Amino acid sequence: MTETRTAAKKVLIKTYGCQMNAYDSDRMADMLAAEGYQPTEELGEADLVLLNTCHIREKAAEKVYSELGRIRLAKDEAAAAGRVMTVGVAGCVAQAEGAEIARRAPVVDLVVGPQSYQNLPALLRKTAAGERAIETEFAIGEKFERLEKAGRRSAKAVSAFLTVQEGCDKFCTFCVVPYTRGAEVSRPVSRILAEAEALAASGVREMTLLGQNVNAWHGEGADGREWGLGELLFRLAEIPGLDRLRYTTSHPRDMDDALIAAHRDLPELMPYLHLPVQSGSDRILKAMNRRHKAADYLALVERIRAARPDIALSGDFIVGFPGETDADFEATMRLIEAVGYAAAFSFKYSPRPGTPAAEHDDQVPEKVKTERLAALQALVAQQQDAFNRSKIGATMDVLFEKAGRHPGQLAGKSPWLQAVQVDAPEAMIGTIQRVVIEKPGANSLYGRLVSSSSSATQPLVEAAH
Ligand code: 5AD
Ligand code: SF4
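Residues numbered from 1 in each chain as written. Chains lettered and ligands numbered in written order. Predicted model: local features only at pLDDT ≥ 70, side-chain atom pairs only at ≥ 80, totals over all residues. Heavy atoms only, no water.

### Here's the deal with helix α5 (residues 120-128)
And step 1. Listed as buried for α5 are L120, P121, L123, L124 and T127. Taken down its axis, α5 places every buried residue within 160° of arc, on the same side.
And step 2. Contacts made by the buried residues of α5 are with α1 (19-33), β2 (37-39), β3 (48-53), β4 (86-90), β5 (110-112) and β6 (133-135).
And step 3. Where α5 terminates, the next one or two residues include G130, which has phi positive at roughly 85°. (Buried < 20%, exposed > 50% of the residue type's maximum accessible area, 1.4 Å probe, protein only. Helix = DSSP H or I, 4+ residues; strand = E, 2+ residues; numbered from the N terminus. Arc of directions from axis to C-beta. Contact = heavy atoms within 4.5 Å.)

### Quick look at the site of ligand 2
And step 1. In the vicinity of ligand 2, the residues found are C168, K170, F171, C172, F174, C175, V177, P178, N213, H251 and R290.
And step 2. Looking at the shell around ligand 2, its residues break down into seven nonpolar, two polar and two charged. (Near = heavy atom within 4 Å. Nonpolar A, V, L, I, M, F, W, Y, C, P; charged D, E, K, R; others polar.)

### Quick look at the site of ligand 1
And step 1. Taken together, I56, R57, F174, Q278, D316, I318, F347, K348, Y349, S350 and R352 are the residues near ligand 1.
And step 2. With respect to ligand 1, the backbone of F174 contributes an N or O atom lying 3.0 Å from a nitrogen atom.
And step 3. Between ligand 1 and the protein, one listed contact pairs an oxygen atom with a side-chain N or O atom of Q278 at 2.6 Å.
And step 4. Within the complex, 89% of the 410 Å² of free accessible area of ligand 1 lies under protein.
And step 5. Going through the elements one at a time, β15 (312-319) and β16 (343-348) are the ones with two or more residues in the shell around ligand 1.
And step 6. Classifying every residue of the shell around ligand 1 by side-chain character gives five nonpolar, two polar and four charged. (Polar contact = N/O pair within 3.5 Å; in protein donor to acceptor, adjacent residues only side chain to side chain. Areas by Shrake-Rupley, 256 points an atom, 1.4 Å probe, with all protein chains shown as cover.)

### Some words on the confidence of the model for the protein chain
And step 1. The share of residues in the protein chain with pLDDT of 70 or more is 92%, and the mean pLDDT across the chain is 91.
And step 2. Low pLDDT (under 50) marks residues 1-5, which in the prediction has zero contacts with non-local residues, meaning those over four places away or in another chain.
And step 3. Overall, residues 453-465 carries pLDDT values under 50, and its contacts beyond four positions in sequence, including any with other chains, amount to 22 contacts. (pLDDT = per-residue confidence, 0-100.)

### So, helix α9 (residues 229-236)
And step 1. Along α9, the residues classified as buried are L229, G230, L232, L233 and L236. Down the axis, α9 shows its buried residues gathered within 160° of arc, on one side only.

### As for the sheet that holds strand β7 (residues 159-163)
And step 1. Reading across the sheet, the three strands line up as β7-β10-β13 and stay open at both edges, with parallel pairing between neighbours. Either end of the sheet is taken by a strand with one partner, and the two such strands are β7 and β13 (244-248). Averaged over all adjacent pairs, the angle separating strand axes in this sheet is 25°, with direction ignored.
And step 2. Summarising the sheet, β7 and strand β10 (residues 206-210) pair through five bridges and their orientation is parallel. What sits directly across from T163, in β10, is L210.
And step 3. Against the sheet, α1 contacts β7, β10 and β13, and its axis sits at roughly 95° relative to β7. (Pairing = 2+ DSSP bridges. Axes fitted to C-alpha atoms, helices over the stretch in contact; angles between N-to-C directions.)

### Some details on unusual backbone geometry
And step 1. In this model, T248 is joined to T249 through a cis peptide bond whose omega is 5°.
And step 2. Within the secondary structure, T249 sits in the loop between β13 and α10 (257-265).
And step 3. Located in the positive-phi region is R291, a residue other than glycine, with phi close to 65°.
And step 4. Counting through the fold element by element, R291 comes out in the loop between α11 (282-287) and α12 (294-307).
And step 5. R291 gets classed as partly exposed once you look at its relative accessible area, which sits at 40%.
And step 6. The backbone phi angle of L417 is positive, close to 70°, even though this residue is not glycine.
And step 7. Along the polypeptide, L417 turns up in the loop between β18 (409-413) and β19 (419-423).

### Comments concerning the packing of α1 against α5
And step 1. At a minimum axis separation of 10 Å, α1 and α5 run at an interaxial angle of 65°. Relative to α5, the crossing made by α1 is right-handed. In this structure, α1 contributes M28, M31 and L32 to the contact, and α5 contributes L120, P121 and L124.
And step 2. When its residues are assigned to classes, the contact of α1 with α5 shows six nonpolar, no polar and no charged. (Left-handed = near helix turned anticlockwise from the far one by under 90°.)

Written out as structure tokens, the structure reads:
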């Protein structure tokens, strides 16, 4: 007996930018799975190509347009073979540019902003009917509710993201996020707990809470009181199986006492904090509308370190903000020296259309930006190297996530977000093991299991650091 089946449709999702986009891409994949789409990595076999874009810095948008050029060729080839390839642009470039994308790149059939992903199936029905679909509404509450209904179908993971908050009300003068992601919206506690419990039940050991301004998250707690992120973390730490909690990205102004107490009291909350400061010059911080001074940031770091002495910090820095002088830049270098970072992301300022700083007429020459960035990155690289070396000889918990670079090796993460390679049996994937760090590599640390006799079938539950 023969059975005729139509082959499953295939979707290729390419993700740019931040972890929130990675999270959204996974949720879109879940939603599309319910519509009969299977994921593929092959452009040539995709029926639907979705670019989940980032608009935060200039090159990201340009990359999208050049990628669309490549996709146009694949779409033409598919058409020549009698197949329809639908091309969509999602994410912040979609939100910022809207219909302009389809004008500049006619290959695009669908444009969908980050707050409208729940409408993807309806938009695809529109494109299937030969229409162009463009949707950039802000209806964020609805987004999460409808995406939740799709459930999680993505591959099982040891470490997962959970978006708790979206948008930003801070309006730093260089940043497009308040315009592309909209105003701050916090997901309710009950929804977050339900998703976290489901993740834990599916084997997730490490959960990273996401938000553009994650520590501005707030909501009504189970006890009827208003909770901030600190209270939420205390509650999440009670969920069995969630051995490790992280959150990103935070604004210094929203680090409140409860959150610092969570760092002090919760062994599950990993000793690593991404806390961008952008500049060490008060004049530039003011022009950036950061609403704090360099000394406030340093005092905050001191309080956090008093609560959790082994905490590692990472940051974001912008060099060449309009009007930045050598003295301003020096102040940033001094702040970096004073803090001592385990890692940092640094960028040349790039004017984003529609943001206040883009209008300044004292833009810094490219050559100066290049020099400052190189000097800053050299300093951060030194600090990062010193931090990694400080862990040599230390015994720490490593969460094994996947097979390592070489046969017989597993790749895991230290509490400080360092990649660690260890000779260990595959059965230890998904478990936390005690590891002694032996030497640094180019991008990871190399370690050895402390007790090679420890059984892989008995995951260690200890979480002491
Ligand atoms: N130019 C350069 N860097 C930027 N960032 C945000 N907007 C800009 C811009 N216009 C950087 C900030 C932010 C990180 C995510 O991207 O450092 O923290
Ligand atoms: Fe952008 Fe500032 Fe909001 Fe961060 S806090 S997302 S840099 S506006």
